[in-house]
Amino acid sequence: MIGARVVVLGCAIRRVVALAGGLAALLLVRPVSAWAQRAAGCVTTADADSAWAAFRAQRLDEARRRFATATARCPTDAGARVGLAYVALRAGELRTARAGFDAALRLAPENYDALTGRGMLAWREGDLAAVRAAFQSALRVVPGDSLSLAYLARLPAMVDSTPLPVRRRPSTTIVAARTASRRFEVPDGRSGWRPFTLKAVNLGAALPGKYPSEFPPDDSTYERWIATIAAMKANAVRVYTVHPPYFYRALARWNAAHPGDPLWLVHGVWTEPPPGTLEDGYDDPAWHRAFMAEMNDVVNLVHGRAIIPPRPGHAGGRYIHDVSRWTVAWILGREWEPYSVVAYNARRPGVADWSGRFIRVSRGHALERWMAQAADSTIGYEMARFNAQRPIAYTNWPTLDPLTHPSEATQAEERALLAMRGEELPEPSKEFDNDAVGLDARRMTGTDAFPAGTFASYHAYPYYPDFIQLDTAYAASRSSEGPSSYMGYLRALVAHHGDMPVVIAEYGVPSSRGVAHLEPQGWHHGGHDEAAQARINARLTREIIEAGCAGLAIFALIDEWFKYNWAVIDFERPGDRNRLWYNALDAEQNYGIIAMRPGVRDSVVQLDGRGDDWSTEPWLSRSALDTNRSPLALKALRVQQDEGYLYLRLDVGAIDWTRGRYLIGIDTYRRDLGDVVLPVTRERVSTGLEFVLDLRGADSAQLLVDAPYNPRHPAPVKGALRPTSIHVYQRPFETRANDAGRWEELFVPSNRRRIGRDGTVYPERGTNWSTLRFGTSASSTLADWYADSTTGIIEVRLPWGLLNVIDPSARTVLFGMDADGSPAAMPTDGFRFLVRSYDPRTPTLPGDALPLRGTPLATWSWRPWETPRWYAERKPQFDALRAVFESLP
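Report on the accompanying structure. (Residues numbered from 1 in each chain as written. Predicted model: local features only at pLDDT ≥ 70, side-chain atom pairs only at ≥ 80, totals over all residues. Heavy atoms only, no water.)

Each helix and strand counted, the chain has 19 helices and 48 strands in total. A globule of 889 residues ought to have a C-alpha radius of gyration of about 29 Å, and the chain, at 29 Å, matches this closely. The buried share of the chain, taken over its 889 residues, is 60%. Look at the contacts in the chain between residues 6 or more apart in sequence, and 69% of them connect residues 24 or more apart. Total accessible area on the chain stands at roughly 34,000 Å², and carbon and sulfur atoms take up 53% of it. (Helix = DSSP H or I, 4+ residues; strand = E, 2+ residues; numbered from the N terminus. Rg over C-alpha atoms; globule rule 2.2 N^0.38 Å. Buried < 20%, exposed > 50% of the residue type's maximum accessible area, 1.4 Å probe, protein only. Contact = heavy atoms within 4.5 Å. Areas by Shrake-Rupley, 256 points an atom, 1.4 Å probe, with all protein chains shown as cover.)

When helix α12 (residues 338–347) is considered as a whole, its buried residues turn out to be Pro338, Ser340, Val341, Ala343, Tyr344 and Asn345. Where α12 is buried, its residues touch α13 (366–386).

So, on to the sheet that holds strand β6 (residues 183–187). With respect to topology, three strands assemble into an open sheet ordered β5-β6-β7, the strand pairing being antiparallel. Both outer strands of the open sheet, β5 (178–180) and β7 (193–196), are each paired with one neighbouring strand and no more. Between one strand axis and the next, the sheet turns by 45 degrees as a mean value, whatever way the strands run. Direction of pairing for β5 relative to β6: antiparallel, over a ladder of three bridges. Note that in β6 the partner of Thr179 across the bridge is Phe184. (Pairing = 2+ DSSP bridges. Axes fitted to C-alpha atoms, helices over the stretch in contact; angles between N-to-C directions.)

Here the focus is the sheet that holds strand β25 (residues 619–622). On the basis of which strands lie adjacent, the open sheet formed by five strands has the order β25-β26-β27-β41-β40 and antiparallel pairing. With one partner strand each, in any of the chains shown, β25 and β40 (785–788) form the two edges of the open sheet. The mean inter-strand angle of the sheet, taken between neighbouring strand axes irrespective of direction, is 10 degrees.

Secondary-structure assignment places Glu690 in the loop between β30 (684–689) and β31 (691–695). Judged by its relative accessible area of 0%, Glu690 falls in the buried class. Measuring from C-alpha to C-alpha, the distance between Glu690 and Trp581 comes to 22 Å, with 109 residues separating the pair along the chain. Sequence-distant contacts of Glu690, defined by excluding residues within four places in its chain, comprise Ile666, Asp667, Thr668, Tyr669, Leu673, Gly674, Leu704, Val705, Asp706, Tyr709, Thr735 and Trp743.

According to the stated counting rule, one finds 51 salt bridges in the structure shown. Glu337 serves as the salt-bridge partner of Arg334, at 3.3 Å between the closest nitrogen and oxygen. Taken individually, Arg334 and Glu337 each receive the classification buried, so the pair is uniform in this respect. Measuring nitrogen to oxygen at the nearest pair gives 3.8 Å for the salt bridge that ties Glu560 to Lys563. By the burial criterion, Glu560 is buried, and Lys563 matches it. Where salt bridges share partners, they join Glu408, Glu414, Glu431, Asp466, Arg752 and Arg754 into one cluster. (Salt bridge = Lys/Arg side-chain N within 4 Å of Asp/Glu carboxyl O.)

Another point: the packing of helix α3 (residues 60–73) against helix α4 (residues 78–90). The N-to-C vectors of α3 and α4 enclose an angle of 155 degrees; their axes lie 8 Å apart at closest approach. Relative to α4, the element α3 lies roughly antiparallel. Crossing geometry of α3 relative to α4 is assigned as left-handed. Contacts from Leu60, Ala63, Arg64, Phe67, Ala68, Ala70 and Thr71 of α3 reach α4 at Ala80, Arg81, Gly83, Leu84, Val87 and Arg90. Tallied by class, the residues present in the contact of α3 with α4 amount to eight nonpolar, two polar and three charged. (Parallel < 35°, antiparallel > 145°, perpendicular 65-115°, else oblique. Left-handed = near helix turned anticlockwise from the far one by under 90°. Nonpolar A, V, L, I, M, F, W, Y, C, P; charged D, E, K, R; others polar.)

If you want it as structure tokens, here you go:
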């Protein structure tokens, strides 16, 4: 495991520690004593350690200052220059980083730190030849170095560049599929066409521990996934970007073996957001060329006619498997940020017609014309090379839909409304303008030269934006299955587009413990166990078709750990390491039809009260009174963990909630910080605590946080007609030594306070993440704890994020702020636990204690990791969606 090995190089001890870094994990090689040895004492070991400590804690300004001071003091010291270069690399200042590493190598050509840093920089820049050269040089300095070997192993194999055999362009245009009135049609195998309802599954391919650009190896993973999608009775797979050649090989082989029931392909063309100024970003020459080149690559590879050179962050190789006959549609681009569309249009005001050879636009604004030109270019390239075509659309979402929503004011409108009311928010909204501008696919139609036709593609979920639930027309809507704001929105969307087919290319609800947005029918952005997720997604599927849509694509095949959403992103740091651990609070990580579960399948803790999965875990604290059958008697506490959770097992004398309840205090960071007064019992303890579990019965248990360490707190809205507050960050995110005994619930706002265009005020809404759900693992995938009255065993499962653990893989917790005011991470040596029982009738009288009062708390810790353990398992929605897909046309 990278990070475990210590190597000695000359007089320097170098330790490998994990660090964030872009497309792949940057690994920092931290010199501990090299400066003092090399610089004859002008920089002390303490100076070096403090500089690197600031760097590891992401206090980049402080680290930069300390390294710069050392460089000024010792200009010939390579170690200080390496430190400055790593700071620049972390900050994305690649030119400065390159100059720093090169300067260090001029001073010390065999400096291992500089060589590996130069290699990581080359990886970020996509210069694979320089990556290879730098790490091979590092291996000559430190033979067998695991860091260098890991990067060299990531380098893609050389692609066979032998020209592909010449293939004659067909003389007759091949139309693989076409659009008709609100539907798709595909060839019927004879000489006609048959209606085709798109029933697709979105395929993201990032396995746990991997970046989205790190695709599965050629080990039959794609074959299994394709078989799973087909077994679910879906008829298509949607991909967002170019996959490795063996994905297309697997698809071609599956369809060749199932000629009467093939799995169709909807292929996307991915791009990062446009760079440069917002006004000109879409016309940035380099970005525009890259986007167009990606479109051409996609066209070539589905026809089995592409050789794509390897580069970091992209799939490449020799594409020789022709899947064009099963490619039913193109969907171009990404969900564009509305502010970029507004800015681009502002420089080019007004509407105009535009006509290309295959696509025309009627009275479109600037970006609508830009998207039409991109579509025309894609169609033209495929026609020129392959004389083939298929329906085309661009990615859109409700934030850029062409409808108008009275409940959704823009930020400028909302600021004006607040000023009229005399109100001032404690901090401004960070939300996009969700109704400032639209992209109207209806304005983009095909010419006579493009019989395949155009369609509209939307990523549309029931819970966001808020106008889906707040606009009165949607809120009053019903489907055949009952009230449904979502159905109201879908019907309006379909009606707006007239005869143009509408595809809901992403939809669904996630099976996360955390809730990122609330929805009136209960179809929230999270908060569903897997059984509820299955029921809801089955109904959403039926309603999309009932609303008149031409097809759909459920999101998504697998859970992907690298994803994040606004409710947790600031507390998954560094962000590129969230792929190494599973966050049950993160809604975006939990959409999958296939769960990617943390831990090891045969040894994961099950909440069942039996205790047989704890046999290998030692006691953390234990009482000698094992025979005491009182509900107040505490026998033992055990602790263990995996990549997703902290697990506790408490053995008690007997379970009777009317006579015995339990507090479990948790110290997550430094004994001298935190609150020393327990809730309920008000007992004073010797170690500061950040969290306390209050187990009071099956329907009443919660995790409480010491008030100063609660990440969010209510702040008043100044000038409001009646006292009103909204929840904002409580900076500086630090646990503090105190004896206030003030314990709070972890309330997370999900739907911000907003004012509609008509002046209607919609109050803030949110959820209490402290409430613990009682039940077994078998009864609910969101069960937090279970108590078995027969065995006297209480088991608790806590997601890392509930305990302000900001990266369990690096054993870091929330503490402090970065220069921009965002949460910072600090390493912890481990956790300490104490347990107290109390009688609810006399809670302030002392109950039993673990460990005994006056006994120091032992520190429980866990080993950091760079490679997570995980296993895959189908969720119930596989069967639920199979039944719905099978019932659709």
